[in-house]
Amino acid sequence: DGMDAKTRLNQFCQRYCLRPVTRKDILYSTTKFGNKQYQSIVRLNCMEGQEYAGELSETPKEAEKSAAQQALKAFAGVISSLPAGKPAKKKRPEGGDD
């Protein structure tokens, strides 16, 4: 699929936690090392605060994608066991047809 790792991680967390994730659920912190070397750590507050560090990358954006990729690798077994698709939204009854 054409989704990047950050998008896939976001979708996984939503499916795993069975709720929409917020900005506070998946936090990226990026550190610069020398010239054009960035490393990100992703903290999954929606997953008991687990943290995953990515590879050194040339841009902060790539560093975040790398950290997301590491988290996805760690959860590969869980991801494959989740049912496919998005969680079903609860429909509110429309009108008063009780």
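Remember, it's a predicted structure, so these values are computed and weren't measured experimentally. (Residues numbered from 1 in each chain as written. Predicted model: local features only at pLDDT ≥ 70, side-chain atom pairs only at ≥ 80, totals over all residues. Heavy atoms only, no water.)

A. Broad picture of the nonpolar core. Judged by nonpolar contacts, the single largest core of 17 residues is most densely connected at Leu 9, Phe 12, Cys 13, Ile 26, Val 42, Leu 44 and Met 47. Among the secondary structure elements, those contributing two or more residues to this core are α1 (5–17), β2 (38–44) and α2 (60–74). Beyond its immediate sequence surroundings of up to four residues, Met 47 is in contact with Phe 12, Cys 13, Tyr 16, Cys 17 and Phe 75. (Core = buried A, V, L, I, M, F, W, Y, C linked by side-chain atoms within 4.5 Å. Buried < 20%, exposed > 50% of the residue type's maximum accessible area, 1.4 Å probe, protein only. Helix = DSSP H or I, 4+ residues; strand = E, 2+ residues; numbered from the N terminus. Contact = heavy atoms within 4.5 Å.)

B. The arrangement of the pattern of salt bridges in detail. What the rule picks out here adds up to 4 salt bridges. Here Arg 19 and Asp 25 are joined by a salt bridge, their closest N and O atoms 2.8 Å apart. According to the relative accessible area criterion, Arg 19 is partly exposed, its value standing at 35%. (Salt bridge = Lys/Arg side-chain N within 4 Å of Asp/Glu carboxyl O.)

C. The environment of Ala 53, seen in detail. Note that Ala 53 resides in strand β3 (residues 50–53). A relative accessible area of 40% means that Ala 53 is categorised as partly exposed. Placed 15 residues apart in sequence, Ala 53 and Ala 68 show a C-alpha to C-alpha distance of 8.3 Å.

D. Representation of the side chain of Glu 64. With respect to the helices, strands and loops of the structure, Glu 64 is situated in helix α2. Sequence-distant contacts of Glu 64, defined by excluding residues within four places in its chain, comprise Lys 6, Tyr 28, Thr 30 and Ser 40.

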